[in-house]
Amino acid sequence: MPEKRMRVGVLISGGGTNLQAIIDASRAGRLDADVAVVIANHEGAYGLERARKAHIPAVWLDRAAYDTFSAYNHAIRLAFEEHEVDLVVMAGYMRLLGTEVLNAFPNRVLNIHPALLPSFPGSSGIRDAWDYGVKIAGVTVHFANEKFDEGPIIAQEAVSIEPDDTIETFEAKIHEAEYRLYPQVIQWMARGRVVIEGRGTTILPQSAGR
Ligand code: GAR
């Protein structure tokens, strides 16, 4: 009997190019996982359109419709539970996630950040690294917690800034690295290969996972 495929719930705020990379990897057979639902906090987030085009349920949850941060996060949790999500993936979700979601998915919520954390957290990691003048930048995938870009790191990929790079070519290299790394980590999660102990994470060899 085929193994059950992992069901991924994706949280977005904007364009959703990382979401697209995950959908593409899944459909190309590179993931033992499917995107089960996409939730956005903005009605106009283009990622919702990407989900609809891929025939994936696309849900807009309007923060203004909820009295409290907690009630809003409870609604996010219910939507993920309704779609029987196993893993929550934040892909350009530019809001904090509440404990209502984090506690419902212990060690099952990921975030991607376009910088080598703990450097340059926040909403403009690429621009901040560029302006600082670093020579080695990169991307980070980590477990999410109740702070911005802060939880235990699972994987990082370095990106060099070369003399002939512009902010545009640099940004393109960062996104390329994101589109490689995020599906890779999701596949590790699907295979049960990511072990976490405190802030430490280990990737088990292929044979040790499921
Ligand atoms: C991505 O670069 C992601 O790493 C970043 O937002 C972008 C979303 O793009 N996230 C953060 O900065 C989190 N602090 P996308 O909507 O096209 O995937």
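Look up: the structure comes first, before these words.
Just so we're clear, the structure is a prediction, and the values are computed from it rather than from any experiment. (Residues numbered from 1 in each chain as written. Predicted model: local features only at pLDDT ≥ 70, side-chain atom pairs only at ≥ 80, totals over all residues. Heavy atoms only, no water.)

Quick look at the overall build of the protein
Working step 1: The secondary structure content of the protein amounts to six helices and nine strands.
Working step 2: Scaling as 2.2 N^0.38, a compact globule of 210 residues should have a C-alpha radius of gyration of about 17 Å, and the protein matches this with 17 Å.
Working step 3: Taking the principal axes of its C-alpha atoms as reference, the protein extends roughly 50 × 45 × 35 Å.
Working step 4: Counting only contacts in the protein whose residues sit at least 6 apart along the sequence, the fraction spanning at least 24 positions is 62%.
Working step 5: About 10,500 Å² of surface is accessible on the protein, with carbon and sulfur atoms providing 52% of the total.
Working step 6: Counting 21 positive and 27 negative side-chain charges, the protein places the averaged centre of each group 4 Å from the other. (Helix = DSSP H or I, 4+ residues; strand = E, 2+ residues; numbered from the N terminus. Rg over C-alpha atoms; globule rule 2.2 N^0.38 Å. Contact = heavy atoms within 4.5 Å. Areas by Shrake-Rupley, 256 points an atom, 1.4 Å probe, with all protein chains shown as cover. Lys, Arg positive; Asp, Glu negative; His and termini not counted. Charge placed at Lys NZ, Arg CZ, Asp CG, Glu CD.)

Observations concerning unusual backbone geometry
Negative phi characterises most residues that are not glycine, and trans characterises most peptide bonds.
Working step 1: A cis amide bond links leucine 117 to the next residue, proline 118, at an omega of 10°.
Working step 2: Despite not being glycine, glutamate 84 has its phi angle at roughly 50°, a positive value.
Working step 3: Note on placement: glutamate 84 falls in the loop between α3 (69-82) and β4 (87-90).

Topic: the pairing of strand β5 (residues 109-113)
Working step 1: Counting buried positions along β5 yields five of five residues, so the element is predominantly enclosed.
Working step 2: One ladder, built from three bridges, connects β4 with β5; its direction is parallel. Residue methionine 90 lies in a different strand from β5, and its bridge partner there is asparagine 111.
Working step 3: Relative to strand β6 (residues 136-143), β5 runs antiparallel, the two being bridged by four bridges. Along β6, the bridge assignment pairs histidine 113 with threonine 140. (Buried < 20%, exposed > 50% of the residue type's maximum accessible area, 1.4 Å probe, protein only. Pairing = 2+ DSSP bridges.)

A word on the pairing of strand β2 (residues 33-40)
Working step 1: Within β2, seven of the eight residues are buried, which leaves it mostly tucked inside the rest of the structure.
Working step 2: Two strands pair when backbone bridges link them, and strand β1 (residues 6-12) and β2 are joined in this way by seven bridges, in the parallel orientation. Note on β2: the bridge partner recorded for glycine 9 is valine 37.
Working step 3: Note on the crossover from β1 through helix α1 (residues 17-27) to β2: the handedness is right-handed. (Right-handed = clockwise from strand over helix to strand, strands pointing away.)

Some points on the site of the ligand
Working step 1: Gly16, Thr17, Asn18, His113 and Glu178 are the nearest of the 13 residues found near the ligand.
Working step 2: Within the side chain of threonine 17, a nitrogen or oxygen atom sits 2.5 Å from an oxygen atom of the ligand.
Working step 3: At a separation of 2.9 Å, an oxygen atom of the ligand approaches a polar backbone atom of asparagine 18.
Working step 4: Starting from 450 Å² of accessible surface for the ligand in isolation, the protein chains cover 89%.
Working step 5: If you list the elements that add at least two residues to the shell around the ligand, you get α1, β5 and α6 (167-190).
Working step 6: Its residues assigned to classes, the shell around the ligand comprises three nonpolar, eight polar and two charged. (Near = heavy atom within 4 Å. Polar contact = N/O pair within 3.5 Å; in protein donor to acceptor, adjacent residues only side chain to side chain. Nonpolar A, V, L, I, M, F, W, Y, C, P; charged D, E, K, R; others polar.)

Digging into α3
Working step 1: Along its 14 residues, α3 runs 20 Å from first to last C-alpha, staying within 8% of the 20 Å computed at 1.5 Å per residue.
Working step 2: Burial in α3 covers these residues: Tyr72, Asn73, Ala75, Ile76, Ala79 and Phe80. Taken end-on, α3 shows its buried residues confined to a sector of 150°, consistent with a single buried face.
Working step 3: Buried residues in α3 make contact with β1, β2, β4 and α4 (99-102).
Working step 4: Where α3 terminates, the next one or two residues include glutamate 84, which has phi positive at roughly 50°. (Expected span 1.5 Å × (residues − 1). Arc of directions from axis to C-beta.)

Some words on the packing of helix α5 (residues 125-132) against α6
Working step 1: For the pair α5 and α6, interaxial distance at closest approach is 11 Å and the crossing angle is 130°. Relative to α6, the element α5 lies oblique. As α5 packs across α6, the resulting crossing turns out to be right-handed. Here Ile126, Arg127, Ala129 and Trp130 of α5 come into contact with α6, specifically with Ile167, Phe170, Glu171, Ile174 and His175. (Axes fitted to C-alpha atoms, helices over the stretch in contact; angles between N-to-C directions. Parallel < 35°, antiparallel > 145°, perpendicular 65-115°, else oblique. Left-handed = near helix turned anticlockwise from the far one by under 90°.)

A closer look at the pattern of salt bridges
Working step 1: What the rule picks out here adds up to nine salt bridges.
Working step 2: Of the charged contacts, one joins aspartate 34 and arginine 5 as a salt bridge, the two residues approaching to 2.8 Å between their closest N and O atoms. Of the two residues, aspartate 34 sits in strand β2 while arginine 5 sits in the segment before β1, which places them 29 residues apart along the sequence.
Working step 3: Of the charged contacts, one joins glutamate 81 and arginine 77 as a salt bridge, the two residues approaching to 2.9 Å between their closest N and O atoms. Here glutamate 81 pairs with arginine 77, and both are found in helix α3, just four residues apart, close to one helical turn. (Salt bridge = Lys/Arg side-chain N within 4 Å of Asp/Glu carboxyl O.)

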